[in-house]
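Residue strings, one per chain:
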Amino acid sequence: MKTIGICSDHAGFELKQYVKGWLETKGWEYKDFGTYTTESCDYADFAHPLALAVEAGECYPGIAICGSGEGISMTLNKHQGIRAALCWTAEIAHLARQHNDANVLVMPGRFISTEEADMIMREFFSTQFEGGRHQKRIDKIPVR
């Protein structure tokens, strides 16, 4: 597995710390694009560097966390090669990988527990993209 890219804003910082420990227990390498404290900050400042690293092949996949998951997801999905999926259940994570080939997992730091994050990440990392009719749909996502 490639180096996993991770980022958060202040509202996702504590869950990101949990995610880092989770990845370490699996022996998986990661690169942390920030933030590094709970001090108020702007999610876009960390989402853009993560997205660029995933697009460049430096990291794969990515994990991003903000309070609701919405803002960081919107920012990530502005990037051409990013398919960021906001997942708050394991089933959604499964479908995001299986049907959408999501390359960035986004979690809502203020709305899920570490136990839920664990189940979401296990599902995201264990599910393969199905391809076929789903690839045809992904191919219809506009390219600038």
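You'll find the protein chain entered in an unreviewed UniProt entry as Ribose 5-phosphate isomerase B, with Bacteroides cellulosilyticus given as the organism. The annotation that UniProt attaches to the protein chain under Sequence similarities (unreviewed entry) is "Belongs to the LacAB/RpiB family."

S.K.: Quick rundown of the packing of aromatic side chains? Include the residues and the values.
M.R.: A complete count under the given rule lists four aromatic pairs for this structure. Both rings, one in Phe 124 and one in Phe 125, keep their centres 5.7 Å apart while their planes meet at 85 degrees; by these two values the pair is edge-to-face. Accessibility classification places Phe 124 together with Phe 125 in one group, the buried group. Of the aromatic side chains, those joined through ring pairs into one cluster are Trp 22, Trp 28, Phe 124 and Phe 125. One residue, Lys 26, lies across the ring of Trp 22, its end atom 4.7 Å from the ring centre. One cation-aromatic arrangement involves Lys 26 over Trp 28; the distance from NZ or CZ to the ring centre is 6.0 Å.

S.K.: So, the pairing of strand 5 (residues 104-108): which residues are in play, and what are the values?
M.R.: For strand 5, the buried fraction is high: five of the five residues fall into the buried class. Burial along strand 5 is two-sided: Val 104, Val 106 and Pro 108 and Leu 105 and Met 107, pointing in opposite directions, are all buried. As judged from the three bridges shared by strand 4 (residues 84-86) and strand 5, these two strands associate in the parallel manner. Across the sheet, residue Leu 86 finds its bridge partner in strand 5, namely Val 106. You can see the chain leave strand 4, run along helix 4 (residues 90-100) and come back into strand 5, and the turn it takes is right-handed.

What counts and how
Residues numbered from 1 in each chain as written. Predicted model: local features only at pLDDT ≥ 70, side-chain atom pairs only at ≥ 80, totals over all residues. Heavy atoms only, no water. UniProt positions renumbered as here; feature names shortened; annotations may be inferred. Phe/Tyr/Trp six-rings, centres within 6.5 Å; stacked < 30°, edge-to-face > 60°. Buried < 20%, exposed > 50% of the residue type's maximum accessible area, 1.4 Å probe, protein only. Lys NZ or Arg CZ within 6 Å of the ring centre and 35° of its normal. Helix = DSSP H or I, 4+ residues; strand = E, 2+ residues; numbered from the N terminus. Pairing = 2+ DSSP bridges. Right-handed = clockwise from strand over helix to strand, strands pointing away.

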